[in-house]
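Listed here are the chains, written in short residue letters.
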Amino acid sequence: MNTKIRSTTIIGVRHRGKVAMAGDGQVTFGEMAFKQKAVKVREFKVANNKVLGGFAGAAADALTLFEKFEQKLEQYEGDLKRATVELAKDWRMDKMLRHLDAMLVVMNKNHSFIIAGDGNVIEPDGSIVSIGSGGGFAQAAATALLGSKQLSAKNIAEKSLKIAADLCIYTNDSISVLEIS
């Protein structure tokens, strides 16, 4: 699997009791941008548990993984940690799934996870999680903005992604933002 996912940026922020996730809208193929307003973030509602998810990589592959993730969430009654680990196991072991080229980030009010097809499940230490080519830029911006008393999680996610869009050629400023309490 190609661990250097280009062509998107997803940022998730947990701040002041809320969780927000933002994704840019650019879809590229090689060096060409084909679409500017794709939606790469999604909300899952299972067993009174709200979870945000975002993807980087091949869109069709990521949408397939989102479906599998939602099934796991339902199977484990909204338990994000268990659903994440089980998805990663299936992704790595299944003959068809293991060829899917994407990364996922999922989060709720308590946990954040990055899931990759090589079996890696990473739970970042802090309240910020990011993936994609502009992820480092967005995470640095969010870290700086996190100290603001005026900004909400949603504001931080959106402003961070705008900064990443100014720096990363694979990230645009057509941003989708979701927030849960």
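Data block above holds the structure.
Cut-offs and rules
Residues numbered from 1 in each chain as written. Predicted model: local features only at pLDDT ≥ 70, side-chain atom pairs only at ≥ 80, totals over all residues. Heavy atoms only, no water. Pairing = 2+ DSSP bridges. Helix = DSSP H or I, 4+ residues; strand = E, 2+ residues; numbered from the N terminus. Axes fitted to C-alpha atoms, helices over the stretch in contact; angles between N-to-C directions. Contact = heavy atoms within 4.5 Å. Patch = residues over 30% accessible without salt bridge, like charges linked within 9 Å, V, L, I, M, F, W, Y side chains within 5 Å. Areas by Shrake-Rupley, 256 points an atom, 1.4 Å probe, with all protein chains shown as cover. Salt bridge = Lys/Arg side-chain N within 4 Å of Asp/Glu carboxyl O.

(A) Focus on the sheet that holds strand β11 (residues 176-180). Taking strand neighbours across the sheet as the criterion, the 4 strands line up as β10-β1-β2-β11 in an open arrangement whose pairing is antiparallel. In this open sheet, the two edge strands, each paired with only one partner strand, are β10 (128-132) and β11. Averaged over all neighbouring strand pairs, the angle between strand axes comes to 10°, with direction disregarded. Contacts from helix α3 (residues 135-145) reach β1 (9-15) and β10 within the one sheet, and its direction differs from that of β10 by about 160°.

(B) Local environment of a nonpolar patch on the surface. A cluster of nonpolar side chains, Phe29, Met32 and Phe34, forms an exposed patch at the surface whose accessible area comes to about 390 Å². By secondary structure assignment, the location of Phe34 is in strand β4 (residues 32-35).

(C) Representation of the sheet that holds strand β7 (residues 102-107) in the model. With respect to topology, 5 strands assemble into an open sheet ordered β5-β6-β7-β8-β9, the strand pairing being antiparallel. At either margin of the open sheet sits one strand with a lone partner, and together these are β5 (41-46) and β9 (121-122). Where strand β6 (residues 49-57) and β7 come together, 6 bridges link them in antiparallel fashion. Pairing of Gly54 across the sheet is with Val105, part of β7.

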